[in-house]
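The lines below spell out each chain.
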Amino acid sequence: MTNLLEIHDLHARIVGGRDILKGINLTIKAGEVHAIMGPNGAGKSTLSSVLAGKPGYEVTLGHVLYQGHELASLGPDERARQGIFLAFQYPVEISGVNNMYFLRAALNAVRKQRGEAELDAAQFLKAVKAKLSLLDISEDLLKRAVNVGFSGGEKKRNEIFQMAMLEPALAILDETDSGLDIDALRAVANGVNRLRDPGRAIVMITHYQRLLDYIEPDFVHVLSDGKIVASGDKTLAMDLEERGYAHLASAA
Amino acid sequence: MSATLDTVETILAAGEDNYKYGFVTDIDVDELPPGLNEDTVRFISATKAEPAWLLEWRLKAFRRWQGMTAPDWAKLKIAPIDYQASTYYSAPKAASGPKSLDEIDPELLKTYEKLGIPLGERAALAGIAVDAVFDSVSVATTFKDTLAAQGIIFCSFGDAVREHPELVQKYLGSVVPPGDNFFSALNSAVFSDGSFAYIPPGIRCPMELSTYFRINAAKSGQFERTLLIADKGAYVSYLEGCTAPQRDENQLHAAVVELVAQEDAEIKYSTVQNWYPGDAEGKGGIYNFVTKRGACRGANAKIAWTQVETGSAITWKYPSCILEGENSVGEFYSVAITNHMQQADTGTKMIHIGRNTRSTIISKGISAGRGQNTYRGAVKILPGAENARNYTQCDSLLIGKTCGAHAIPYIDSRNPSARVEHEATASKVSDEQMFYCQQRGLTQEDALSLIVNGFCKEVLKELPMEFAVEAQKLLAVSLEGSVG
């Protein structure tokens, strides 16, 4: 199996700041689920931002290959259209823009890239209905403006719904469990599990082990001070839950 | 440094040359030399073979104007205008009166074709009756006969003066008196043509009426008048569009629009204003000084103004409603964009005179580049306006950090039973919003356009469908030069 994502000695920072990522190496294949854990300030969100191409971040050393191509040459929208999806920790509100309308614009942008025909309103609605049941999302949510007035749980569920519609090759879930009560967490996790697919890699970025109780990763990595200091299977996460990050950080 | 700013600047830079209506039509014209005096006024009136009363009306307005000074209270920086340097009459040759479409210069038809305005067969498909005003005169009015079957009059202003003098004389200047302001006085003296519509009692106009204004000639001003009357229980929806060639000098546009809604009548007046805005450095562009006002004369009358103002170097415009009739309703929905060096000072006046009158004002101002955007509104409740209601919402969206947005609302309530609400917000297109949209696959331009369209949604949904689509595209184009 070819590698979907290869991160080689990646150093990156916020423009004008000091390096936050200090030499990340990571290889991800299609079909795999990776969890990246670590304490506050370890660089977890920076990693997701850099992979998604968020403006304001810059790579200072090393490089990333996505589907065999240099990622650095692609803008954030090109990355998205080529199958990189970021579920935001804080999904953004866009008032006046209908959630369905937004999603259709996004889906058609992605479909166009794949050489598929754009969906008209009726076809889109049909596609939506098929995915709705998957995630236990009320239709009402789709009629409202993008994330405006959504509860924390609704926002996260909406992110996963977007992921279901856009069918990315690489999904990065940035602290998707944060701010969720146990029922919402379970619903979101169920959605993600249903989106596990041999053709799709999922990277979960999280603080806590509890998300991994619901979404079982193939690999767990510990990020500390901008480097991966430990990698293993899901037992590593359980170990962390007991012993904390401190001993690993010092080992680095 | 803000990433949005980078984004916006990139887009701004990409949009330098995006005014697709900036072409000039090469056509023979009858034109007055520049300059303005009583003879100019007499010439215009004589050319149009006007009755004596109208010439007198013009001359009175002209003398009035001579004693007036241009208003300086708006938040606009305008270099002094030399009114003697403008040309006050320019007409395509042999177009001294509306003709059948076959007689129109093919160059003109081509022009309207380019503008996407259907004057010929396609008008029938579009189902919109169009009156096209090219420089100073109306060149074609479509669907006249279909409308006439229902007693609806829709024609050029010149035709109305000839064929329906009693209606013109009765209503002309009854909502906007010639001496109302500097520009209305100037217009009253030198107006050359425009559109006229009269909807008889109880008739619901079966199609959208539309006027398309086009300034073509160099150094010429355009001074058209629109007079629209909905008699008792009548309904009409009226659309107005405007474009002009791309020229380095500023051109003057000073129009007057008067609406009269009698008892139970309703008028919906929608404008998409896309005059040439000047280049990125502020060179050229139309000076748009327009007086628009509607009177709800009878009980339960309703007038709704919807405007999308994307063009002009300077916009000075306050479509207003005088709510005389009991239970009458005035509405104002506005989107105004200023990009590059554009300046807009626009808003409305709602004057509540009758009992239970209601008004709604929704204003969306978008500023980008070095644009300056001012909302100026007045809500006036007179002592007799028992239980009057007003709701005003005034939102500003800023793109980049070299532009400005201002809100200047005046509220004057002289009846204690009145209820007046005012809400205002100012926001910026955030980096996070842009990134969120792009992360879902939208290009920078599409992302910005989506956000801006969302911001304007409450206004755009008031536009008739075909106009709404055009307006959305226009927003995108204006925002290419300022917004996606």
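Residues numbered from 1 in each chain as written. Chains lettered and ligands numbered in written order. Predicted model: local features only at pLDDT ≥ 70, side-chain atom pairs only at ≥ 80, totals over all residues. Heavy atoms only, no water.

1. Overview of the sheet that holds strand 10 (residues 201-206) of chain A
Residue and element names in this part refer to chain A.
Argument step 1. Reading across from one edge, 6-9-10-3-11-12 is the order of the six strands in this open sheet, with mixed pairing throughout. One side of each edge strand has no neighbouring strand; the edge strands of this open sheet are strand 6 (84-87) and strand 12 (227-232). Strand after strand, the sheet turns through a mean of 20 degrees between neighbouring axes, direction not considered.
Argument step 2. Here four bridges tie strand 6 to strand 9 (residues 170-174), and the two strands are oriented parallel to one another. Its bridge partner being in strand 9, Phe85 is matched across the sheet by Ala171. (Pairing = 2+ DSSP bridges. Helix = DSSP H or I, 4+ residues; strand = E, 2+ residues; numbered from the N terminus. Axes fitted to C-alpha atoms, helices over the stretch in contact; angles between N-to-C directions.)

2. Observations concerning the sheet that holds strand 2 (residues 19-29) of chain A
All names here are of chain A.
Argument step 1. Reading across the sheet, the four strands line up as 2-1-4-5 and stay open at both edges, with antiparallel pairing between neighbours. Because the sheet does not close on itself, it has two edges, and the strands there are strand 2 and strand 5 (69-70).
Argument step 2. Relative to strand 2, strand 1 (residues 3-14) runs antiparallel, the two sharing eight bridges. Residue pairing in the sheet places Ile7 in a bridge with Leu26 of strand 2.
Argument step 3. The strands that helix 1 (residues 44-52) touches are strand 1, strand 2 and strand 4 (57-66); relative to strand 1, the one it contacts most, it runs at about 115 degrees. (Contact = heavy atoms within 4.5 Å.)

3. Topic: the environment of B:Cys403
Residue and element names in this part refer to chain B.
Argument step 1. Tracing the chain through its elements places Cys403 in the loop between strand 21 (389-398) and strand 22 (404-413).
Argument step 2. You can call Cys403 buried: its relative accessible area is 15%.
Argument step 3. Once the C-alpha coordinates of Cys403 and Ser184 are considered, the two residues, 219 residues apart in sequence, prove to be 30 Å apart.
Argument step 4. The contacts of Cys403, once residues within four sequence positions are left out, are Ser367, Ala368, Gly369, Arg370, Gly371, Gln372 and Leu398. (Buried < 20%, exposed > 50% of the residue type's maximum accessible area, 1.4 Å probe, protein only.)

4. Overview of the confidence of the model for chain B
Interpretation of this model should avoid reading the predicted coordinates in detail wherever pLDDT is low.
Argument step 1. This prediction gives chain B a mean pLDDT of 84; 79% of its residues lie at or above 70.
Argument step 2. Long-range and interchain partners of residues 121-126 of chain B, a stretch whose pLDDT sits below 50, account for eight contacts in this model, where long-range means more than four residues apart. (pLDDT = per-residue confidence, 0-100.)

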